[in-house]
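Overview (structure and organization)
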Amino acid sequence: MSPHAPLRRRRWFFGSAALATALVAGLTAQTSPATAQGDLRSWERALQREVDADSAARMSEAMSTYPGRVGTEGAERRANYSVDQLTGWGLNARLESYSVYASVPQHIAVTMTGPQWRELEVKEPPYPWHENFEDVVVGYNAYSPAGQATSDVVYVNYGLPDDYARLAEMGVDVRGKIVLARYGQSFRGVKSKVAEEHGAAGVILYSDPADDGFTQGEVYPNGPWRNADGIQRGSVQYIFQYPGDPLTPGRPSTQDTPRLDPSDAENLTSVPTTPISYGQAQHLLAALQGPEAPAEWQGGLDLTYRVGPGPTRVDLDLDIDYRQIPVNDVIVEIPGSKHPEQKVVLGAHYDSWTYGTKDDVSGWTTLMETARALAELRDSGWQPERTIVLAGWDGEEYGLLGATEWVEQHRADLLENALVYLNMDGAGGGKNFSAGSVPALDGVLADIAKDVRDPEHGTLYRNWQQASGEQNPVPERLGSGSDYTPFLDHLGIASAEFGTSTPSGEYHSAYDDLRMMREFLDPGYRYHEASAAYAGTFALRMAGSDIAPMRYSDYATAVEDHLRALDQKQADGRVVDLSPAYAAAREWHAAAMRLEGEARGERADAINDALIAQERALTQQEGLPGRDWYKHMVYAPGLYTGYAVQPLSAIDDAIIGADPATAEKYRDLLVDSLHKATEAALGAVA
C-alpha cells in the first residue's frame, strides 16, 4: 500500500452504530453510574465496541506529517490539535505548561580526519513521501554539552563498565580519545557516564546492523529494519540521577521556582556525545587498527572489528545552545461520582524526535481514541466512581520533562489521592503485546488482557503468551526510561505500562513515519484499536470497582524473591544479614492476605485507603544513595542500566561494592517500609 493510499477499513470490533444500538437496548436505560460489577462489565464491553481503528488512523495521520520535537512549533501544533479534538468530544481539556532548561542544536559536524578525510553525514536523506523534512532535527543527543574534540578513535563495544575493563586488559587506554560505542544493552546516557568516568574526550554512538539492521531482515523502505542511513537520536541526560528539568530537581519548573546554576546540575554529562548511522560508522571502523575486538564485540558490518586506538581520527564539532524551552502537557479530567478526589491517571507522551508515528504518536493516538470512547460512554450515562485523568506528556524524549514537572507540581494531591498510573509508550505501535508493572497490578493486567479481543490471537492474553513464550506471562518490573518514573520512583504510586510492538529498527530515526506504521508495524491500525480497548478497560475497572483490583500479597512475595536473589549474590561472602527483611516481608504478606480475604463492599473506603498507603509506604524520604530523587526502596533503575530495573537497588549496589554499612542502612530502611505497609494493611482489617 502506498504511504498516501487511503486506509481500508478492517473492523473486528463493532463500530459506533453497534454501540448506539447496544446502549439503546440496555445501557441507556440506566439512570445512575455503573457501580455494580455487572454494570461495570457492561460499560467495559461498550467501550471495547466503541474504539475504532479508522478513528485512530486519522489522528495518527494528522500528527505524523510533521516532526513533534519538544520546544518546536511541531510540538505546539500537536498540543493544540489534541486539545481541539478532546474539546470537540465534550471533554474539558487544558494545557499545563512549564519552562525547562534544555539543549537546542545549532550545528553538528563529525569529520574523519585520518587516515583519510571524510565529512560524515549527520542527517538521513528524505524519501518522496516525507513532508516537512526540513524540520526534522539533525542527528544529535539532547543534553550533550557543546564542544569540540579531535582525537584518535577507540571502539568500546556497548560502552559499559565491563567493556572498558576488557580494554584495560588489552592494554588500551581511552583517556583523551573519542570512543565509538554501539547502541544497546543500556541507556545511552550510561554510555556517556562511563566514558566520562574513563576520561574520554568525546563519544560517538551508532546502531550496529547486528542489533537492528540488515542482519535482521529487509531494511526501510522495503522492510522494518534500520537502513544504513538511519540515525538513532536520543537524550543523554542522566535520568538515573533524576529526570525532568536539570535545574529544578524535586520541584516544578514554574516561573517562581528557584533554579540551580547549570554547573550544579547532577544529571548532565560533561562529555560531548553525538550519534551517526552505521553506514557512516563503517568508515571509522574499517580504518581502525590495533587489537582485534573480542568475538562477542564483532558486529554485523562486513569487516573485522578492531579496537584501535587509531589510525582512525575524528574531529567532533558540536554547536549546541542551552535555553529555556516551553513544555506543554495536555490534561483531561473526567470527574468521579463517588470519590472525585481519588485519581486513576493514564498517560502517553506526544512529543517525538522526528515524525514519531510509533514513538509515541501511537501511544498518544491510542489514548486519544480511549478518550473519545469514554466521552461517548459519558454521553450515554456512564460516570466513573473515581476521577480519570488522561495526560499527553510533552518532552519525554529529552528526559521525561512534562510528566516529571507535572508530578512535582501536583505532588501533594497525588500523594494523597492517586490510586494508580498507567503508561502507554508505544501502545498501538505493533503486533506483540507486553506489559510491566508493580506486582500488585499483575493480576488485573492479565485479567483485562483476557477480556480484550486481539485481531490475530483471539485475546490479548493469548498474544501475550505467544510473544513472551510463557503459559502464564507476568509483567516485567519497572525501572525507568518512560513517564511512569516520577509516579512510581518519586512518589510511590502503583504504576503499570503496556504496549504492542513489531521487531523493527526505526527507533528515533527520521524513518519512524507513516510508511513504517502502515506497511510494517500495524497495518490497518488494528492494534491501535486493541490498545485503546485495553487502556479504556483499565480506566473503567480501576475507576469503577468498589474495591480496587490490587493484590499486595503478591508484592510481598516478590520482595522475598528479590531478597533471595541478593542472598545468592553474597553466597561467597556475606555483606549484610537480610533475615530482618525476610521476616518483615512475610509479616506484610500475612497482613495483605488477611486484608484481601476480608475485603467487603461496606468497608471499601478503608480498604482502598490501605491499598494506596501500602505503595506509599515503600518510599523513604532519604532516597537512594547519591540520588535522593529516587525514593522507592524496592524498584529503581540501576546506575549502569538506565532503563532496566534493579530491585532493591541500594542494597544490591552495597553488596556489589562490599559496603556493609550502606547495605545495613538500606536494609533497615526497607524493613521500616515493609512494617509501614503491614500497618497500613492491618489498619483496614476489621
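The structure we're discussing is the one just above.
Since the structure is predicted, the reported quantities are computational estimates derived from the model, not experimental observations.

Cut-offs used in this document
Residues numbered from 1 in each chain as written. Predicted model: local features only at pLDDT ≥ 70, side-chain atom pairs only at ≥ 80, totals over all residues. Heavy atoms only, no water. Salt bridge = Lys/Arg side-chain N within 4 Å of Asp/Glu carboxyl O. Helix = DSSP H or I, 4+ residues; strand = E, 2+ residues; numbered from the N terminus. Buried < 20%, exposed > 50% of the residue type's maximum accessible area, 1.4 Å probe, protein only. Patch = residues over 30% accessible without salt bridge, like charges linked within 9 Å, V, L, I, M, F, W, Y side chains within 5 Å. Areas by Shrake-Rupley, 256 points an atom, 1.4 Å probe, with all protein chains shown as cover. Lys, Arg positive; Asp, Glu negative; His and termini not counted. Charge placed at Lys NZ, Arg CZ, Asp CG, Glu CD. Phe/Tyr/Trp six-rings, centres within 6.5 Å; stacked < 30°, edge-to-face > 60°. Lys NZ or Arg CZ within 6 Å of the ring centre and 35° of its normal. 1 Å grid on protein atoms, 1.4 Å probe; cavity = no way out; pocket = protein on both sides within 12 Å on 5 of 7 lines; lining within 4 Å. Points joined across faces, edges and corners; volume = space filled by probe spheres on them. Nonpolar A, V, L, I, M, F, W, Y, C, P; charged D, E, K, R; others polar. Expected span 1.5 Å × (residues − 1). Contact = heavy atoms within 4.5 Å. Axes fitted to C-alpha atoms, helices over the stretch in contact; angles between N-to-C directions. Parallel < 35°, antiparallel > 145°, perpendicular 65-115°, else oblique. Left-handed = near helix turned anticlockwise from the far one by under 90°. Core = buried A, V, L, I, M, F, W, Y, C linked by side-chain atoms within 4.5 Å. Pairing = 2+ DSSP bridges.

1. As for the pattern of salt bridges
Evaluation of the coordinates by the stated rule reveals 31 salt bridges. Here arginine 41 and glutamate 44 are joined by a salt bridge, their closest N and O atoms 3.4 Å apart. Highlighted residues: arginine 41 and glutamate 44, both in helix 2 (residues 37–50), separated by three residues, approximately one helical turn. On the basis of relative accessible area, arginine 41 is assigned to the partly exposed category, the value being 24%.

2. Concerning a negative patch on the surface
A contiguous patch of negative charge, built from Glu73, Glu76, Glu134 and Asp135, is present on the exposed surface. Within the secondary structure, aspartate 135 sits in the loop between strand 2 (118–119) and strand 3 (141–142).

3. Focus: the packing of aromatic side chains
Per the counting criterion, the structure on display carries 30 aromatic pairs. With 5.4 Å between their ring centres and 75 degrees between their planes, tyrosine 127 and tyrosine 220 make a pair best called edge-to-face. Placement of the pair is tyrosine 127 in the loop between strand 2 and strand 3 and tyrosine 220 in the loop between helix 7 (209–212) and strand 7 (234–235), with a sequence separation of 93 residues. Take tyrosine 127: its relative accessible area is 21%, and that puts it in the partly exposed class. On the basis of an interplanar angle of 50 degrees and a centroid distance of 5.0 Å, the ring pair of phenylalanine 187 and tyrosine 643 is categorised as tilted. Taken together, the residues phenylalanine 187 in the loop between strand 5 (178–182) and helix 6 (188–197) and tyrosine 643 in the loop between helix 20 (604–617) and helix 21 (649–656) connect sequence positions 456 residues apart. You can call tyrosine 643 partly exposed: its relative accessible area is 31%. An aromatic cluster is built from Tyr101, Tyr140, Tyr143, Tyr322, Trp353 and Tyr398, whose rings are joined through pairwise contacts. Looking at lysine 450, its charged tip hangs above the ring of tyrosine 461, at a distance of 4.7 Å from the centre.

4. So, the layout of surface pockets
Approximately 360 Å³ is the volume attributed to the second largest pocket. For the second largest pocket, the lining is made up of 20 residues, of which Arg69, Thr72, Glu73, Gly74 and Asp135 are closest to its centre. Only helix 4 (73–88), strand 1 (93–114) and strand 9 (313–334) provide two or more residues apiece to the lining of the second largest pocket. Looking at the lining of the second largest pocket, the element that brings in the most residues is helix 4, giving three residues. Its residues placed into classes, the lining of the second largest pocket shows nine nonpolar, five polar and six charged.

5. Observations concerning helix 18 (residues 552–569)
Between the first and last C-alpha of helix 18 there are 26 Å, a value that for 18 residues agrees with the 26 Å anticipated at 1.5 Å per step. Where helix 18 is concerned, the buried positions are Tyr552, Ser553, Tyr555, Ala556, Ala558, Val559, Glu560, His562, Leu563, Leu566 and Asp567. The inward-facing, buried residues of helix 18 abut helix 19 (579–597), helix 20, helix 21 and helix 22 (660–683).

6. Observations concerning the packing of helix 3 (residues 53–63) against helix 4
Where helix 3 meets helix 4, the axes come as close as 10 Å, and the angle between the chain directions of the two elements is 150 degrees. Comparing their axes, helix 4 and helix 3 come out roughly antiparallel. Relative to helix 4, the crossing made by helix 3 is right-handed. Touching Arg58, Met59, Ala62 and Met63 of helix 3 are Arg78, Tyr81 and Ser82, all from helix 4. Taken together, the residues of the contact of helix 3 with helix 4 sort by class into four nonpolar, one polar and two charged.

7. Examining the nonpolar core
Leu86, Met542, Met550, Tyr555 and Trp588 are the most contacted members of the largest nonpolar core, which has 201 residues in total. Among the elements that line this core, the one with the most residues is helix 17 (residues 526–544), at 11 residues.

8. Regarding the pairing of strand 4 (residues 147–155)
Across six bridges, strand 4 lies against strand 9 in antiparallel orientation. The residue bridging glycine 147 from the neighbouring strand is leucine 318, located in strand 9. Across three bridges, strand 4 lies against strand 5 in parallel orientation. The residue bridging valine 153 from the neighbouring strand is isoleucine 178, located in strand 5.

9. As for the packing of helix 3 against helix 9 (residues 361–379)
Running from N to C, helix 3 and helix 9 point in directions that differ by 135 degrees, and their axes come no closer than 9 Å. As far as their axial angle goes, helix 9 and helix 3 are oblique. For helix 3 against helix 9, the interelement crossing comes out right-handed. Along the contact surface, helix 3 presents Ser55, Ala56, Met59, Ser60 and Met63, while helix 9 presents Val361, Trp364, Thr365, Met368, Glu369 and Arg372. In terms of residue class, the contact of helix 3 with helix 9 is built from six nonpolar, three polar and two charged.

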